[in-house]
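# Fold and geometry: a report
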Amino acid sequence: CLLFCCACTKKNQITIQGDIQNAEGQYITISRMNLNELQVIDSVPVHHGKFALALRPEDGEYAFYQLSLRNDNALTTIAKKGDQLRFTIDAQPMVKSYCVTGGHEAELLCELDHQLSLFIDSVQILEQYYYVDIEDDSLRSYINYCYLQIKNHHKEYLKNFICQNPQSLA
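Figured I'd write up the structure that's included with this text.

What counts, and at which threshold
- Residues numbered from 1 in each chain as written.
- Predicted model: local features only at pLDDT ≥ 70, side-chain atom pairs only at ≥ 80, totals over all residues.
- Heavy atoms only, no water.
- Helix = DSSP H or I, 4+ residues; strand = E, 2+ residues; numbered from the N terminus.
- Buried < 20%, exposed > 50% of the residue type's maximum accessible area, 1.4 Å probe, protein only.
- Salt bridge = Lys/Arg side-chain N within 4 Å of Asp/Glu carboxyl O.
- Pairing = 2+ DSSP bridges.
- Axes fitted to C-alpha atoms, helices over the stretch in contact; angles between N-to-C directions.
- Contact = heavy atoms within 4.5 Å.

To continue, consider the overall build of the protein. Secondary structure assignment for the protein yields four helices and eight strands. Put simply, the protein runs from its N terminus to its C terminus through helices and strands in the order α-β-β-β-β-β-β-β-α-β-α-α. Dimensions of the protein, computed from C-alpha atoms along their principal axes, come out at roughly 75 × 40 × 30 Å. Burial status across the protein gives 34% buried among its 170 residues.

Written as structure tokens, this is what we have:
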């Protein structure tokens, strides 16, 4: 009977746990993302590099959640009843370093976050070169060419991602 109750409880909740580096003594907050606001649900301390949360969602539908250490250091995930998400995170910054298992939609969103981070990092490097020698027309032209290549690769990645996951909320 006890085993049955435990199994039913896990099916009616979302569990989020993980290992996080560089956040000892801080609190990790989980918020539900609604249309116009973040609704703070809970926060727990990071203890020995670990955290664990359990949520009781209102329904069985997917919802977007934000895990954060501060307003400027957060990541977005997606989950529904029964999901058991397991995160590995470096707190410097969270969105660039995290990995997640235990929920297909959450894993897809993580993949998108990583690809977007690569795109942003590449563009920022090009921007640095652009402003170092802004008077050099040939260099600016080459940087513009590189930017267009990176943008087109990212665009193709997104098109392929959508084609491979047409029903995904990610």
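What follows covers the pattern of salt bridges. Opposite charge on two side chains makes pairing possible when the charged atoms of those side chains draw close. All told, the structure shown has six salt bridges when counted by the stated rule. The salt bridge involving D72 is made with R70; its shortest N-O contact spans 2.9 Å. A salt bridge links E156 to K159; its shortest N-O distance comes to 3.7 Å. A residue pair is termed a helical-turn pair when its members lie 3 or 4 positions apart in one helix, as E156 and K159 do in helix 4 (residues 137-164) at three residues. Each of D19, K50 and R86 takes part in a single network of salt bridges with overlapping partners.

Attention now moves to the sheet that holds strand 8 (residues 99-101). Sheet strands associate in pairs through backbone hydrogen bonding, adopting either a parallel or an antiparallel arrangement. Spatially, four strands are ordered 4-1-7-8 in an open sheet, and the strand pairing comes out mixed. Both outer strands of the open sheet, strand 4 (50-55) and strand 8, are each paired with one neighbouring strand and no more. Strand after strand, the sheet turns through a mean of 15 degrees between neighbouring axes, direction not considered. Strand direction decides the pairing type here: strand 1 (residues 14-21) and strand 4, joined by six bridges, are antiparallel. The partner of T15 across the bridge, within strand 4, is A54. Seen against the sheet, helix 3 (residues 104-132) touches strand 7 (84-90) and strand 8 and runs at an angle of roughly 165 degrees to strand 8.

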